Amino acid sequence: MLPRFLVFILIFLLIVGVEFYFYQAVKTVIRDYSSTKKQWINYVYWASAIFTISVALVSIFIPPPEWNKFFRNYFASLAFILFFVKIIGVVFLLIDDGIRLIRFIWRYFFETGKQDAKEGISRLKFLSYISLSLAAIPFVSLIYGMFRGAFKYTVHKVSIKSSKIPRAFHGLKIVQVSDIHTGSFTDTSALEKAFDIVMKQGADVIFFTGDLVNNRTEETAGFV
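So, a few notes on the structure that sits alongside this text.

What counts, and where the lines are drawn
- Residues numbered from 1 in each chain as written.
- Predicted model: local features only at pLDDT ≥ 70, side-chain atom pairs only at ≥ 80, totals over all residues.
- Heavy atoms only, no water.
- Phe/Tyr/Trp six-rings, centres within 6.5 Å; stacked < 30°, edge-to-face > 60°.
- Buried < 20%, exposed > 50% of the residue type's maximum accessible area, 1.4 Å probe, protein only.
- Lys NZ or Arg CZ within 6 Å of the ring centre and 35° of its normal.
- 1 Å grid on protein atoms, 1.4 Å probe; cavity = no way out; pocket = protein on both sides within 12 Å on 5 of 7 lines; lining within 4 Å.
- Points joined across faces, edges and corners; volume = space filled by probe spheres on them.
- Helix = DSSP H or I, 4+ residues; strand = E, 2+ residues; numbered from the N terminus.
- Nonpolar A, V, L, I, M, F, W, Y, C, P; charged D, E, K, R; others polar.
- Expected span 1.5 Å × (residues − 1).
- Contact = heavy atoms within 4.5 Å.
- Core = buried A, V, L, I, M, F, W, Y, C linked by side-chain atoms within 4.5 Å.

A few words on the packing of aromatic side chains. Scanning all chains against the criterion turns up twelve aromatic pairs. With a centroid separation of 5.9 Å and 90° between ring planes, the pair formed by Phe 70 and Phe 71 is classed as edge-to-face. Phe 70 sits in the partly exposed class, given a relative accessible area of 41%. What makes Phe 71 partly exposed here is its relative accessible area of 40%. Here the aromatic rings of Phe 70 and Phe 75 are separated by 6.2 Å at their centres, their planes lie at 55°, and the arrangement is tilted. By the ring-pair criterion, three or more aromatic residues cluster together here, those being Phe 20, Phe 22, Tyr 23, Tyr 45 and Trp 46. In this structure, Lys 37 packs its charged tip against the face of Tyr 33, placed 5.9 Å from the ring centre.

Laid out in structure tokens, this is it:
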């Protein structure tokens, strides 16, 4: 219990650190915005940050698998997405800060008196834009996948031809389906749609190849 608690504490501190560090990029980008725009952007950013931190704090005491299905599927997933995309942005900020630190040390010992503040600020703003852009791309993709892409089922048809297949198997139709993850659904409608598609294929045999649940067998309740 104690090791798991310590791990959660470390993750929580990491999330808080990432939130404050990523905000430096946001602050740099909006520096020239009007005061009203900056105020709204700050409100939105810190509201999302408080949401992510709150979810992390709750998960320290109540593991997500024990949460209500709706909160686990949407709240925990959204918090993870927000944190994940900021990690991507932070990587580029860390690279820039590392370069700036090395240059500062070099100038301090070997180039005393030389200034290059204008170039540094320009590069910082450029990398801040890059950081926010690279964070936005996976954010949009993951949000789309969470709310829309997860239910856009696709049938991939593959014909297998081989002289090694016995003649008795010629024309045999196999449907393979996997990754149902019943714990990710709040009702049966999406799964009913999936199974309708499966049954319309007129298969001779259906293979289900795993991931029926996310974490626990109880997730199948109501879907059997």
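The volume enclosed by the largest pocket comes to roughly 1200 Å³. Of all elements in the fold, only β1 (174–177) and α5 (189–200) reach the threshold of two or more residues within the lining of the largest pocket. Top contributing element to the lining of the largest pocket by residue count: α5, with five residues. Residue composition of the lining of the largest pocket, by class: 17 nonpolar, nine polar and four charged. Of the voids in this model, the second largest pocket is the one considered here, and its volume is about 430 Å³. Lining of the second largest pocket is provided by 19 residues; of these, Asn 73, Ser 77, Met 146, Ala 150 and Ser 184 occupy positions nearest its centre. At the level of elements, α3 (69–110) and α4 (117–147) are the ones that each hand at least two residues to the lining of the second largest pocket.

Bringing helix α2 (residues 35–61) into the picture now. Spanning 27 residues, α2 covers 39 Å between terminal C-alpha atoms, matching the ideal 39 Å at 1.5 Å per step. Looking at α2, one finds that the buried residues are Tyr 45, Ser 48, Ala 49, Thr 52, Ile 53, Val 55, Ala 56, Ser 59 and Ile 60.

Attention now moves to the environment of Thr 186. Relative to the helices and strands, Thr 186 resides in the loop between β1 and α5. For the pair Thr 186 and Gly 222, spaced 36 residues apart in the sequence, the C-alpha separation amounts to 9.8 Å. Apart from the residues lying within four places of it in its own chain, the contact partners of Thr 186 are Lys 69, Phe 70, Asn 73 and Tyr 74.

Another aspect to go through is the nonpolar core. The biggest cluster of nonpolar side chains holds 19 residues, and the ones touching the most others in it are Phe 12, Ile 15, Phe 22, Val 26 and Tyr 45. Broken down by secondary-structure element, the contributors of at least two residues to this core are α1 (2–29), α2, α3 and α4. If you tally residues by element for this core, the top one is α1, at seven residues. Discounting residues that sit within four places of it in the chain, Tyr 45 has contacts with Val 18, Glu 19, Phe 22, Tyr 23, Val 26 and Lys 86.

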